[in-house]
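Spelled out, the chains give:
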Amino acid sequence: MTKAVFTTKVDPTYDDLPEFRYHFPRAYLRQVESAIGDWILYYEPRRTSSDLSSRGGRQAYFATARVTAIQADPTLADHFYAFVADFLEFDRPVPFKEGTHYYESGLRRPDGQTSKGAFGRAVRPLNNTEYDLILRAGFADIIAPADLHQAPAYGLAEEPATFERPIVERVTHRPFRDAAFATAVKAAYSDTCGVTGLKIINGGGRSEVQAAHIRPVADSGPDSVRNGIALCGTVHWMFDRGLVSFDEDYTVLVARDRVPDTVQRLVHPDGKLQVPSRPDLCPHPQFLKYHREVVFKG
């Protein structure tokens, strides 16, 4: 088994859904096969699409996942799908280099410049040390309090032993994943409830907004910002119980026969979910559809 970096664009040419699958041509089959059972990092390049002039990508590692299987694409010859589990988005996207330090040593030429040839490969092998460093940088806000023996946030004190394990093991444990998910979702929504538009900060300086999974974890919902919405406590409770949902255009849907008419007063005046400014952080249509069809009682 070998760890690897999978490159995926904001508007991918391939049929990628990073939370579940990675689509790739035969040229990378051997490298992806080597990663089965091991962990990979997702990297977002500068180009946001197949258009050579497109720009705006973060040029950063943004998530980790574990490769579970490979299947041939039944509709496109010489193409394959790598299926993943345990997807977890970073709280801080990690740039491929900071100062003169390259997180992937293979991207640095002997003269200190970036190797365009190495960068051009959509799938790249990654050693354990480099993976660990990138993971620590991506979850620095979550790891630091525990490593410094300070009181961790988001209820992590429930399983302090989690933080005695190597970082790669921590990402499989629910307390760590809940904390990372909450941090990423709250940051994407600027600590503001997506339904009410309210931003409430408590006396300790912490936001009262909560991070809700759109497709529940119990139903294989990933810990992805695109599967999350920042909601105040009351709306979160209703959302989890299917009393509130969202249409394709983010219109707020309310199960009116199950809740008082006064619930509508909680909704932002424009009647829509207030989403992040970055399109790649907005709820994914597939997750919203799942909530409407499986969870919503309207």
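That block above? That's the structure.
Note that the coordinates shown come from a computational prediction; the quantities given were computed from them, not determined experimentally.

Let us look at the overall build of the protein chain. Looking only at helices and strands, the protein chain has eight helices and 12 strands in total. Taken across its 298 residues, the protein chain has 47% of its residues classed as buried. Put simply, the protein chain shows about 14500 Å² of open surface, and 51% of that area lies on carbon and sulfur atoms.

Glancing now at the environment of Gly221. Within the secondary structure, Gly221 sits in the loop between strand 9 (210-213) and strand 10 (228-231). What makes Gly221 buried here is its relative accessible area of 8%. Here the alpha-carbon distance between Gly221 and Asp86, two residues 135 residues apart in the chain, equals 10.0 Å. Contact partners of Gly221, with chain neighbours within four places excluded, come to Arg215, Pro216 and Asn227.

We now examine the nonpolar core. Nonpolar side chains in soluble globular proteins tend to be buried together. Within the largest apolar cluster, 31 residues are counted, with the highest numbers of intra-cluster contacts made by Val195, Ile229, Leu231, Phe239 and Phe246. Contributing elements (two or more residues each) for this core: helix 6 (174-188), strand 9, strand 10, helix 7 (233-240), strand 11 (244-246), strand 12 (252-254) and helix 8 (285-295). Ignoring sequence-local partners within four residues, the contact set of Ile229 consists of Val185, Tyr189, Gln210, Ala211, Ala212, Ile214, Phe239, Phe246, Leu273 and Pro283.

Taken as a whole, this structure holds 16 aromatic pairs when the rule is applied. Here the aromatic rings of Phe90 and Phe139 are separated by 5.1 Å at their centres, their planes lie at 80°, and the arrangement is edge-to-face. Residue Phe90 is located in strand 5 (residues 79-95), and its partner Phe139 is located in the loop between helix 3 (128-138) and helix 4 (140-147); the two are separated by 49 residues in the primary sequence. The pair Phe90 / Phe139 is uniform in exposure class, with both members buried. Each ring, one from Phe96 and one from Phe119, has its centre 4.8 Å from the other, and the planes form 70°; the classification is edge-to-face. With Phe96 in the loop between strand 5 and strand 6 (97-98) and Phe119 in helix 2 (residues 116-119), the pair connects residues that are 23 residues apart, well separated along the chain. The exposure class assigned to Phe96 is buried, which follows from its relative accessible area of 10%. Given a relative accessible area of 22%, Phe119 falls into the partly exposed group. Members of the aromatic cluster, each reached through a chain of ring pairs, are Phe6, Tyr22, Phe24, Tyr42, Phe62, Phe80 and Phe87. The positively charged end of Lys3 is found above the aromatic ring belonging to Tyr131, 5.4 Å away from the centroid.

Glancing now at the sheet that holds strand 5. Read across the open sheet, the six strands follow the order 2-5-4-3-1-8; overall the sheet is mixed. Each having just a single partner strand, strand 2 (21-25) and strand 8 (123-126) make up the two edges of the open sheet. Strand-to-strand twist across the sheet, computed as the mean angle between neighbouring axes with direction ignored, equals 35°. Summarising the sheet, strand 1 (residues 3-7) and strand 3 (residues 39-44) pair through four bridges and their orientation is parallel.

Calculation notes
- Residues numbered from 1 in each chain as written.
- Predicted model: local features only at pLDDT ≥ 70, side-chain atom pairs only at ≥ 80, totals over all residues.
- Heavy atoms only, no water.
- Helix = DSSP H or I, 4+ residues; strand = E, 2+ residues; numbered from the N terminus.
- Buried < 20%, exposed > 50% of the residue type's maximum accessible area, 1.4 Å probe, protein only.
- Areas by Shrake-Rupley, 256 points an atom, 1.4 Å probe, with all protein chains shown as cover.
- Contact = heavy atoms within 4.5 Å.
- Core = buried A, V, L, I, M, F, W, Y, C linked by side-chain atoms within 4.5 Å.
- Phe/Tyr/Trp six-rings, centres within 6.5 Å; stacked < 30°, edge-to-face > 60°.
- Lys NZ or Arg CZ within 6 Å of the ring centre and 35° of its normal.
- Pairing = 2+ DSSP bridges.
- Axes fitted to C-alpha atoms, helices over the stretch in contact; angles between N-to-C directions.

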